[in-house]
Amino acid sequence: MLACVTEASIAYRVPVSAIERVISAAHGSAGMSSAGIGPMGIPAQWLPVLGTYGFPVKRVRGDACWGIAAGAWILAVETMYAHPRGHHDNGTVYPTRLGAIPQQDVRWANQAATETHVPAAMLLAVAAQESGFNSGAVSPKGAQGLMQFMPGTWARYGHGSPFNPKAALFAGAAYLRHLALTLGSWPLALAGYNAGGQAVVNAGYRIPPYRETQNYVPAVLARYETLAGLHPAGLSPAITSAAGVQRGSPKSR
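Residues numbered from 1 in each chain as written. Predicted model: local features only at pLDDT ≥ 70, side-chain atom pairs only at ≥ 80, totals over all residues. Heavy atoms only, no water.

Student: Where do I start with helix 10 (residues 186–195) in this structure?
Tutor: Since the α-helix turns once every 3.6 residues, residues separated by three or four places project in the same direction. In terms of burial, helix 10 is largely enclosed, as 8 of its 10 residues are buried. Taken together, the buried positions of helix 10 are occupied by Trp186, Pro187, Leu188, Ala189, Leu190, Ala191, Gly192 and Tyr193. The N-cap residue of helix 10 is Ser185: its side-chain oxygen and the backbone nitrogen of Leu188 are 3.2 Å apart. With its phi angle positive at about 100°, Gly196 sits one or two positions after the end of helix 10. (Buried < 20%, exposed > 50% of the residue type's maximum accessible area, 1.4 Å probe, protein only. Helix = DSSP H or I, 4+ residues; strand = E, 2+ residues; numbered from the N terminus. Polar contact = N/O pair within 3.5 Å; in protein donor to acceptor, adjacent residues only side chain to side chain.)

Student: Quick question: what am I supposed to make of the environment of Gly41 here?
Tutor: Its place among the elements puts Gly41 in the loop between helix 2 (16–27) and helix 3 (47–52). Given a relative accessible area of 17%, Gly41 falls into the buried group. Along the backbone, Gly41 and His27 are 14 residues apart, and their C-alpha atoms lie at a distance of 7.9 Å.

Student: Help me out: how do you make sense of the packing of helix 7 (residues 120–131) against helix 10 in this one?
Tutor: Geometry of a packed helix pair, given as the angle between the helix axes and the separation of the axes. Packing of helix 7 against helix 10 leaves a shortest axis separation of 12 Å and a crossing angle of 35°. Regarding helix 7 and helix 10, the two cross each other, and that crossing is right-handed. Residues Met122, Val126 and Glu130 of helix 7 pack against Trp186, Leu190 and Tyr193 of helix 10. When its residues are assigned to classes, the contact of helix 7 with helix 10 shows 5 nonpolar, no polar and 1 charged. (Axes fitted to C-alpha atoms, helices over the stretch in contact; angles between N-to-C directions. Left-handed = near helix turned anticlockwise from the far one by under 90°. Contact = heavy atoms within 4.5 Å. Nonpolar A, V, L, I, M, F, W, Y, C, P; charged D, E, K, R; others polar.)

Student: What exactly am I supposed to notice about the packing of helix 9 (residues 165–183) against helix 10 here?
Tutor: Contact geometry of helix 9 with helix 10 gives a least axis separation of 8 Å together with a crossing angle of 125°. Taken together, the axis directions place helix 9 and helix 10 in an arrangement best described as oblique. Crossing angle aside, the handedness with which helix 9 passes helix 10 is right-handed. When helix 9 is examined against helix 10, the residues Tyr175, Leu176, Leu179, Ala180 and Leu183 are found in contact with a partner set consisting of Trp186, Leu188, Ala189, Leu190, Gly192 and Tyr193. (Parallel < 35°, antiparallel > 145°, perpendicular 65-115°, else oblique.)

Student: Help me out: how do you make sense of the pattern of salt bridges in this one?
Tutor: For side chains bearing opposite charge, pairing can occur when the charged atoms are close. Going through the model one piece at a time under the given rule, you end up with 1 salt bridge. In this structure, Arg211 and Glu7 form a salt bridge, with 3.4 Å as the shortest nitrogen-oxygen distance. Placement of the pair is Arg211 in helix 12 (residues 211–228) and Glu7 in helix 1 (residues 2–12), with a sequence separation of 204 residues. Under the relative-accessibility criterion, Glu7 is labelled partly exposed at 35%. (Salt bridge = Lys/Arg side-chain N within 4 Å of Asp/Glu carboxyl O.)

Student: Even after reading the chapter, I still don't get the packing of aromatic side chains, so can you show me in this structure?
Tutor: The geometry of two aromatic rings is summed up by the distance between their centres and the angle between their planes. Throughout the structure, instances matching the rule amount to 7 aromatic pairs. Both rings, one in Phe149 and one in Tyr193, keep their centres 6.2 Å apart while their planes meet at 65°; by these two values the pair is edge-to-face. Here the residue Phe149 occupies a position in the loop between helix 7 and helix 8 (151–157), and Tyr193 occupies one in helix 10, the gap between them amounting to 44 residues. When sorted by exposure, Phe149 lands in the same class as Tyr193, which is buried. Relative to Tyr175, the ring of Tyr157 lies with its centre 4.9 Å away and its plane at 40°, an arrangement referred to as tilted. Within this pair, whereas Tyr157 is found in helix 8, its partner Tyr175 is found in helix 9, the two being separated by 18 residues in sequence. Exposure class is identical for Tyr157 and Tyr175. Each is buried. Here a set of aromatic residues connected by ring pairs shows up, and it is made of Phe149, Trp154, Tyr157, Tyr175 and Tyr193. (Phe/Tyr/Trp six-rings, centres within 6.5 Å; stacked < 30°, edge-to-face > 60°.)

Student: Please explain the environment of Ala69 as it appears in this structure.
Tutor: With respect to the secondary-structure elements, Ala69 resides in helix 5 (residues 64–80). In this structure Ala69 comes out as buried when scored by relative accessible area, which is 6%. Measuring from C-alpha to C-alpha, the distance between Ala69 and Thr6 comes to 9.7 Å, with 63 residues separating the pair along the chain. Beyond its immediate stretch of four places on either side in the chain, Ala69 contacts Ala8, Tyr12 and Phe55.

Student: For this particular structure, what's the right way to read the nonpolar core?
Tutor: Soluble globular proteins: nonpolar side chains tend toward being buried together. With 78 residues, the main nonpolar core has Tyr12, Ile19, Leu50 and Met147 as its most contacted residues. No other element matches the 11 residues that helix 9 contributes to this core. Both of domain 1 (1–82 + 233–243) and domain 2 (103–228) provide at least three residues apiece to this core. Leaving out residues up to four positions away in the same chain, Met147 has contacts with Leu123, Val126, Ala127, Glu130, Ala168, Leu169, Gly172 and Tyr193. (Core = buried A, V, L, I, M, F, W, Y, C linked by side-chain atoms within 4.5 Å. Domains from an automatic or database assignment.)

Student: Explain the state of the cysteines here, please?
Tutor: What is meant by a disulfide is a covalent connection between two cysteines, made through their sulfur atoms. Considering all chains together, one arrives at 1 disulfide under this definition. Cys4 shares a disulfide with Cys65; S-S distance 1.6 Å. Here Cys4, found in helix 1, pairs with Cys65, found in helix 5; they are 61 residues apart in sequence, far enough to count as distant. On the accessibility criterion, Cys4 (13% relative accessible area) is buried. (Disulfide = S-S within 2.5 Å.)

Dropping the structure here:
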């Protein structure tokens, strides 16, 4: 179980100690399990929200590691409420609210959001998850730059170098826009970004049954919520449909 706690802590940036405290509280001082689901005693009312954000509810109920991952995600979402709102109504992000995120990346994400109608907070959440805003990152599989494009995908959506953070953010916006319109929802678009759009289609327009992808989607959505400063109940209609991404060709830049 320690490995599951560690993995969830890294994925959702929740301290191991916080996860362990919730597990301990869920089982009570005598070691007896209290009401709730899984090792962290997740309240049942969270299940529809977890399902919306890509967690396989049956696994959350029946698998300890999935229960810990879901509980850690809930902790991350609840923690974000202490943060000030970090967005304009038009979906752009206030640079002064984003601390360690490079200010130029925020400006370029806002520009890309204006041109493609992909939320700036979504772009920045993907960049944070993919590379930690390291524009020179190269993965063991050969993914490159801020948005971790594989060369073949970059050839279709990118211009110039994938190591140029501005070019990477605009290409990432174009690719996410395509995925959202093709697959029909933001969670599926994120799954497609991680595993490939065809993998989502092959899975019956569901998040593919790959552990990495099923961890990736809620992790990015948690980052998105933190950046956008939105409550899950208010976020659901926007995040679970591609209605916010307008059809037609994006403006040229």
